[in-house]
Structures are given as structure tokens and as C-alpha cells.
Amino acid sequence: MEGCSVPIRKTRVYTDHLRENLRTIVIFTRPGQVATSASCSFLRGRPPLASRVSPVASRQSPLAAAPLGFSATDMDAALMGSSSVAMGDIPTTGEHRMGTTIVGVCYDGGVVLAADSRTSTGMYVANRASDKITQLTDNVYVCRSGSAADTQVISDYVRYFLHQHTIQLAQPATVKVTANLIRLLAYQNKNMLQAGMIVGGWDKYEGGQIFSVPLGGTILRQPFAIGGSGSSYLYGLLDHEWKEGMSQEEAEKFVVKVVSLAIARDGASGGVVRTVTINADGVSRKFYPGDKLPLWHEEIEPQNSLLDILAAGNPEPMVQ
Amino acid sequence: MSSIGTGYDLSVTTFSPDGRVFQVEYATKAVDNSGTVVGIKCKDGIVLGVQKLVTSKMMLEGSNRRIHSVHSHSGLAAAGLAADGRQIVSRAKSEAASYEKVYGEPISVKELADRVASYVHLCTLYWWLRPFGCGVILGGYDRDGPQLYMIEPSGVSYKYYGAALGKGRQAAKTEIEKLKLPNLTCREGIVEVAKIIYGVHDEAKDKAFELELSWICDESNRQHQKVLCYSFVHIFVS
């Protein structure tokens, strides 16, 4: 915010008229002057305003203020709370969701967890390389789908409880206990949460285990589990191709193949594929970039950008 | 080694000049005056036995249980004030149940013993509570094998191969030490415990008694089970 030697008068702008809750954003102005874009930069999640807001206009509804000096840019539209002005009814605001594909499979000796890496707010990809596989203890990881905030908070709570439990027990927690703690949080707060999670890990009593905790708070132990919006496209594939007792390499290749199909078909899944393998020897993480994934029906080879082609080497001179 | 507190024994929140809490020691005396309770850890499980002193010929046989199941995999026998013992059992049951509700798996015997010990110790911290007048032998069989714990009125809890509380504890401990426990199965252990309890029973001083036995072992599928003991009377009479 720019420095000023005159007293500052607060002005309010009502935004977000489309939502039930009106959010107020306070803009500090000098009396008689307009607020500059810099003063709006603290607005949560919104880029700075490109144009000005007049104190007079700010007391009316945003739509009424529109003719008074708003330029029709995305930025203004964001401040007004409706990007429909600029882009025509396509949502790019809202809480971060992980329209996702998550997969967990047991193999002979452990488990492999895999996930895509797309986090979206509406149609905007907020993070194209996110890590949806979170560590809860040394030997148990969880794949998160649904609301990013909800699953992060659940993971944080469970990590905290498990830490204390591990100290009390003086040995690593079992996968079943971890899954149960997640399930209790998910079930008891089912009205407030949207979280679908797959818990996978290894312990010395039962070996590798996968537990599925979908919306609502069911807990189900399965030899393999899928979740997220992309999982709809995987039921058939897994019914056909799943087999018990794969080796570690087979299992890792299998999950990458499976997640890549979901990425190909599901708009809310994309980016890279991350896998986490957990067994008696420990944990190993692998990364598969989007252009190295197996191709499916009608998919074309990844192309380099035309600019790269033009820049690389000398184009043949045109000779007469 | 008894001594009178003389002024430092009126409250459980008072230390004596030589660092003792007399109320807790008096509570231990209550345990020492009760019927004997014995527990041993055999190679495949635990055996618990109680010398239940029968105060009246009118009492129905099998009533006034002294050995309680805390969980399917563990049992608890209390020596001392019987009502106090029942309170501890009730608390142990609820600890086991709430642990399973939160963590989704049965409580380990070590954790259960810790919680019971914490609870017993709690009652030695406040002046408005009196210490429990009973000691507890807790036996269980979990993922880490059979384990035997003894919790005293002071709240200390130790793991044992063999433990005894009550009037005949000195004699019982001597007998237990003579046993080769790592080689004993629970079937043999039951007979040994019965012999020990019959051995410490003083016909002249004590009244009639009832023997109560239980075990948790591989044979009982790691479940805590009461053992009926009609046949023992014949062994010793003949």
C-alpha cells in the first residue's frame, strides 16, 4: 500500500454477489481519491486490480459500479466476484478441489499408492504438479481426493494422533489403526467434509494393506482401491486386469497404466503420475512426467512446441 | 515391617519425614490380609488362581466372582477389598472398550496395565480420594504373546513371570520360584496353581475356601476362560 500523510478513510466494496455470503473487502483510500491497484493486493487469492475503484461507486452494488471505470479484464471480474463478465459463465473461483484419480494396490510384499497431480479451482488448474500422497507415519501413507483443505486437515489431525500413539506404543502404528482414525474423523464430521481417501501402508503384523475410506466414512479393506473423479473410468479396466500377487515392478507399471487412462479420459485429472511404494524395506517415491505416460486409444505422441522446433538447429536455407 | 505413622498418616497427601506415604502403605496392608491370589506365565499362556475365603456356609457356590474378564483376551484378579476390586475391573473394561473404539484394534496388555496403574495411582494424589485397598494381577495374551502384570495400591505396575498377593504370598512365591515356568504348559500350570493355593491355605486359621481358576492360552484360542475345578478335590483328598 502506498504511503500517505493524510488520514485514511475506509471504503467498502461488496463483492461476490453470486454467493450466499457476501464477502466484504475493505479498501483504504485517501479522502477524495481513488484506491489504486496496489491497495487491493491483499485481497485473498485475487490478483491486484488493474483499474480503479471510486469511493462513490463502491457503495453501490458491483454491477452498478461496472460502467464507472472498470475495464473488462479477468482481474476486475475476479474482484467483482463474477468472472462471467469476462469469460462467459465459466467458473474459475471457489475452493480448491482435487478432481482426481487415486489408486492403491497390494502386491506380494507391500503396497503401491498412485495419484495424478491436478488441483483445480473450478476450471482453472490451480496446481498442475501437486502431491496428493501424504505421509502419516513412517510406514503409512494416504491418497487424498475431494476437497484439498478437508483432506489436508484430516491428514494433519491423524498425523498428530498417530505420533502420540507411536510414542505410547513404543513401536510403529499399524495400518489398521491409521485407517480407523481417518474413518472416525470422516464419519463423525460427515456433514462438513468432502474427503475420499485411500490409506495404504505396511506393518509387521499384517504386511501390506490398503483401506478405502470414501465419502461418508465407510472403512473397507481391499486388495486394491480406486477413488476420485477419474476412478469411474477405471472400474472396468481393473475388473479385467487386476491380479493377485504381482511383483513390485509389475504393480508399479500397472498403477501408472491405470492412472494414465484416467488422466486421458477425465478432465479433472492430469499432470504427472506420482507413486509411493511401501514395503518391509521402507518407502520409495517415483515420478512419471505427463509426456512419458503410456498412450491410449486415439492419443497422439507428445509434440514439442513449434517454437522449440524452429529454434533448434538451423532451418534449411531456401536455395534457388 | 510395620510402623505407626503418628501424625503423618492421616492423609494420602502427607509425606512422613522419611519420605513415605503411610496411607498407601496401609492400603497395601489391606491387600496383605486378604485371600491369596496367584498368577503364572506359562510357555503358552497365563493361569490365574484365587483363594476365595468363604465367610458363610449359606453362600451359594460360584457367587462373588473374584476373577473377571476385562476383554476377550485378558483377565484380572483382585486381592484385597472386593468392592474396590470391582471398581478397578469396571475401569479396565471401559479403557479396553474405548481404546478399541478409537484405534480399531484390541488394546495391548501392556497398554491396559499402564492405564489401570494410572487409574490406581490417581487415587493416591488427592486428599478427597482414598487409595484403592486392593492389588490386581492382570494377565493377557496379545500379539506379543502372553503377559502377566501386577498393579499394587501405590499404582506401580510390573511385568512378572509369576506373582502372588494376599495372606499366603510369601509361601506362594517360594512355590512359584520352584516351578520351571518356560517348560510348563497351561494345562500343567492349572494343576500347579491349584496345588499352590491349597498349600498356602491354613486349615486352622482360615475358614473354608473356594478355588477359582482361569486361563488364557493357545488351547483356549487366546480367550480368557474360567476353569472348573471339581476334580481337584479328589486329587488332594486321596
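Here we summarise the structure given alongside this text.

About the thresholds
- Residues numbered from 1 in each chain as written.
- Chains lettered and ligands numbered in written order.
- Predicted model: local features only at pLDDT ≥ 70, side-chain atom pairs only at ≥ 80, totals over all residues.
- Heavy atoms only, no water.
- Helix = DSSP H or I, 4+ residues; strand = E, 2+ residues; numbered from the N terminus.
- Buried < 20%, exposed > 50% of the residue type's maximum accessible area, 1.4 Å probe, protein only.
- Contact = heavy atoms within 4.5 Å.
- Areas by Shrake-Rupley, 256 points an atom, 1.4 Å probe, with all protein chains shown as cover.
- Lys, Arg positive; Asp, Glu negative; His and termini not counted.
- Charge placed at Lys NZ, Arg CZ, Asp CG, Glu CD.
- Axes fitted to C-alpha atoms, helices over the stretch in contact; angles between N-to-C directions.
- Parallel < 35°, antiparallel > 145°, perpendicular 65-115°, else oblique.
- Left-handed = near helix turned anticlockwise from the far one by under 90°.
- Phe/Tyr/Trp six-rings, centres within 6.5 Å; stacked < 30°, edge-to-face > 60°.
- Lys NZ or Arg CZ within 6 Å of the ring centre and 35° of its normal.
- Expected span 1.5 Å × (residues − 1).
- Arc of directions from axis to C-beta.
- Salt bridge = Lys/Arg side-chain N within 4 Å of Asp/Glu carboxyl O.
- Polar contact = N/O pair within 3.5 Å; in protein donor to acceptor, adjacent residues only side chain to side chain.
- Pairing = 2+ DSSP bridges.

1. Side note on the overall build of chain B
Link 1 in the chain: Along chain B, the regular secondary structure elements total 6 helices and 10 strands.
Link 2 in the chain: Seen through its C-alpha atoms, chain B measures out along the principal axes to roughly 55 × 50 × 35 Å.
Link 3 in the chain: Looking at the 238 residues of chain B, the share that counts as buried comes to 49%.
Link 4 in the chain: Pairs at least 24 residues apart make up 64% of the contacts formed inside chain B by residues separated by at least 6 positions.
Link 5 in the chain: If you sum the accessible surface of chain B, you get close to 12000 Å²; carbon and sulfur atoms cover 55% of it.
Link 6 in the chain: Where the 28 positive side-chain charges of chain B centre and where its 26 negative ones centre are 2 Å apart.

2. Quick notes on the packing of helix H4 (residues 148–169) of chain A against helix H5 (residues 175–188) of chain A
Residues and elements named next belong to chain A.
Link 1 in the chain: It is at 10 Å that the axes of H4 and H5 come closest, and there the two elements cross at 135°. With respect to H5, the axis of H4 lies oblique. Here H4 and H5 pass one another in a crossing that is right-handed. Seen from H4, the contacting residues are Ile 154, Tyr 157, Val 158, Phe 161, Leu 162 and His 165; seen from H5, they are Val 177, Thr 178, Leu 181, Ile 182 and Leu 185.

3. Here's the deal with the packing of aromatic side chains
Link 1 in the chain: Within this structure, the stated rule accounts for 9 aromatic pairs over all chains.
Link 2 in the chain: Taking 4.9 Å as the distance between ring centres and 20° as the angle between the ring planes, the aromatic pair formed by B:Tyr126 and B:Trp128 counts as stacked.
Link 3 in the chain: Given the relative accessible area of 34%, B:Tyr126 is considered partly exposed.
Link 4 in the chain: With centroids separated by 5.8 Å and ring planes inclined at 85°, the aromatic side chains of B:Trp127 and B:Trp128 adopt a geometry described as edge-to-face.
Link 5 in the chain: By relative accessible area, which is 65% here, B:Trp127 ends up exposed.
Link 6 in the chain: Accessibility expressed as a relative area gives 58% for B:Trp128, which makes it exposed.
Link 7 in the chain: Every member of this aromatic cluster is reached through a ring pair, and the members are A:Tyr157, A:Tyr160 and A:Phe161.
Link 8 in the chain: Its end group placed over the ring of A:Tyr205, B:Arg143 keeps NZ or CZ at 3.7 Å from the ring centre.

4. Examining helix H2 (residues 82–103) of chain B
Link 1 in the chain: With 22 residues, H2(B) should cover 32 Å at 1.5 Å per step; its first-to-last C-alpha distance of 32 Å lies within 8% of that length.
Link 2 in the chain: Within the span of H2(B), buried status applies to B:Asp84, B:Gly85, B:Ile88, B:Val89, B:Ala92, B:Glu95, B:Ala96, B:Tyr99 and B:Tyr103. Considered in projection along H2(B), the buried side chains sweep an arc of 140° and stay on one side of the axis. Counted as exposed and oriented over 90 degrees from the buried face of H2(B): B:Ala83 and B:Lys101.
Link 3 in the chain: Against the buried residues of H2(B) lie H4 and H5 of chain A together with strand E3 (67–71), strand E4 (74–80), helix H3 (109–122) and strand E5 (134–142) of chain B.

5. So, the interface of chain B and chain A
Link 1 in the chain: Chain B puts 11 residues into the contact, and the matching count from chain A is 11 residues.
Link 2 in the chain: Inspection of the chain B/chain A interface yields 0 salt bridges.
Link 3 in the chain: Of all the secondary structure elements, the ones that give two or more residues to the side of chain B that touches chain A are H2 and H3 of chain B.
Link 4 in the chain: If you tally residues by element for the side of chain B that touches chain A, the top one is H2(B), at 5 residues.

6. Considerations on the environment of A:Ser130
Residues and elements named next belong to chain A.
Link 1 in the chain: The topology assignment puts Ser 130 in the loop between strand E7 (124–127) and strand E8 (133–137).
Link 2 in the chain: By relative accessible area, which is 9% here, Ser 130 ends up buried.
Link 3 in the chain: For the pair Ser 130 and Pro 294, spaced 164 residues apart in sequence, the C-alpha to C-alpha distance is 20 Å.
Link 4 in the chain: Beyond its immediate stretch of four places on either side in the chain, Ser 130 contacts Asp 116, Ser 117, Arg 118, Thr 119 and Arg 274.
Link 5 in the chain: For Ser 130, the side chain forms a polar contact with the main-chain oxygen of Ser 117, separated by 3.0 Å.

7. So, the side chain of B:Asp44
All names here are of chain B.
Link 1 in the chain: With respect to the element layout, Asp 44 can be found in the loop between strand E1 (37–42) and strand E2 (45–53).
Link 2 in the chain: For Asp 44, which is buried and forms no salt bridge, the nearest opposite charge comes from Lys 43, at a distance of 7.1 Å.
Link 3 in the chain: What Asp 44 contacts, discounting residues up to four positions off in sequence, is Tyr 141, Pro 146, Leu 184, Thr 185, Cys 186, Ile 216, Cys 217 and Asp 218.

8. A look at the sheet that holds strand E5 (residues 110–115) of chain A
Each strand in a sheet pairs with its neighbour through backbone hydrogen bonds, running either in the same direction (parallel) or in the opposite one (antiparallel).
Residues and elements named next belong to chain A.
Link 1 in the chain: Strand order in this open sheet of 5 strands is E13-E4-E5-E14-E15, and the pairing throughout is antiparallel. Because the sheet does not close on itself, it has two edges, and the strands there are strand E13 (224–227) and strand E15 (282–288). Across this sheet, the average inter-strand angle for adjacent strands is 15°, counted without regard to direction.
Link 2 in the chain: Note: strand E4 (residues 102–107) against E5, 6 bridges, orientation antiparallel. Within E5, the residue paired with Val 103 across the bridge is Ala 114.
Link 3 in the chain: Against the sheet, helix H7 (residues 248–265) touches E4, E5, strand E14 (273–279) and E15, its axis set at about 150° to E14.

9. Remarks on helix H4 (residues 169–178) of chain B
All names here are of chain B.
Link 1 in the chain: Looking only at H4, the buried set comprises Arg 169, Ala 172 and Ile 176. Around the axis of H4, the buried residues are gathered within 60° of arc, so they sit on the same side. Turned more than 90 degrees away from the buried face of H4 sit Gln 170, Glu 177 and Lys 178, all of them exposed.
Link 2 in the chain: Looking at the buried positions of H4, the neighbouring elements they touch are helix H1 (22–32), E1, strand E8 (162–165) and helix H5 (186–200).

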